[in-house]
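Structure assessment
Single-letter residue listing:
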Amino acid sequence: METNQTENGKELSPFENAPECPRCNKKMLPWKTPDMTNWTSKFVWVCFNDECDYFKRGWKWMEEKYSKHVSYRHKLDPETGETGPLPVWSEDALREGIITKKTGS
Ligand SMILES: [Zn+2]
């Protein structure tokens, strides 16, 4: 099993210290970063709250600006602390990447 360590040796866990979304104050969820991206983090924190203001406004904004049915979810990189939008094309999009704690054992 791979370890997930930062340069200073501090281990990042997707199950500890979940930050709150600054837009909706809900706990963000760990989302596995796809292999083909150049993100250094193994996972990023993403707000998967469908009632999140950021997410809800994204639909309208993109529809008006680009006539596209897409939106964004708020994302936070645990290694760099950078925040930004994570594009989604439906409410269910990217949910399969959410890291869930294995039960049992
Ligand atoms: Zn949110």
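As a reminder, the structure under discussion sits directly above these lines.
Owing to the predicted nature of the structure, the values given are computational and were not obtained by experimental measurement. (Residues numbered from 1 in each chain as written. Predicted model: local features only at pLDDT ≥ 70, side-chain atom pairs only at ≥ 80, totals over all residues.)

A look at the environment of T80
What counts, and what does not: Only runs of H or I of at least four residues qualify as helices and only runs of E of at least two qualify as strands under DSSP, and these elements are numbered from the N terminus.
As for its placement among the helices and strands, T80 is situated in the loop between β3 (71-76) and β4 (83-88). Sequence separation of T80 and T40 is 40 residues, and the distance between their C-alpha atoms is 9.0 Å.

A look at helix α1 (residues 53-66)
Applicable threshold: Residue count minus one, scaled by 1.5 Å, sets the expected span of a helix.
If you check α1, its first and last C-alpha atoms are 19 Å apart, about what 14 residues at 1.5 Å a residue would give, namely 20 Å. Taken from the residues just after α1, S67 is the one with a positive phi, measuring 55°.

Observations regarding the environment of A18
This is how the line gets drawn: The burial label depends on the number of other C-beta atoms within 10 Å of a residue's C-beta. Counts of 20 or more mean buried, 12 or fewer mean exposed, and intermediate counts mean partly exposed, with C-beta atoms placed from the backbone.
In this fold, A18 is placed in the segment before β1 (29-32). According to the C-beta neighbour criterion, A18 is partly exposed, with 16 such atoms within 10 Å.

Some points on unusual backbone geometry
Even without being glycine, N25 reaches a positive phi, approximately 65°. Along the chain, N25 turns up in the segment before β1.

Things to note about the nonpolar core
Just so we agree on the cut-off: By definition, a nonpolar core groups buried Ala, Val, Leu, Ile, Met, Phe, Trp, Tyr and Cys residues that are joined through C-beta atoms within 7 Å. Placing a C-beta atom from the backbone of each residue, one calls two residues in contact when those atoms lie within 7 Å.
Membership of the largest hydrophobic core comes to 13 residues, with the highest contact counts inside it found for M28, L29, W31, V44, W45, V46 and C47. Elements with a contribution of two residues or more to this core: β1 and β2 (43-46). Among the elements that make up this core, the one with the highest residue count is β2 (four residues). The contact partners of L29, leaving out residues within four places of it in the chain, are V46, F48 and I98.

Brief notes about the sheet that holds β4
Selection rule: In this scheme, strands are said to pair when DSSP sees at least two bridges between them. For every element, the axis is a line fit to its C-alpha atoms; helices are fit only across the contacting stretch, and the angle between N-to-C directions ranges from 0 to 180 degrees.
Strands sit in the order β1-β2-β3-β4 across an open sheet of four strands; the sheet is antiparallel. Strands at the two margins of the open sheet, each flanked by one partner only, are β1 and β4. Adjacent strand axes in the sheet meet at a mean angle of 45° when their direction is disregarded. Of the pairings in the sheet, the one linking β3 to β4 comprises six bridges and is antiparallel in character. Residue pairing in the sheet places R73 in a bridge with L86 of β4.

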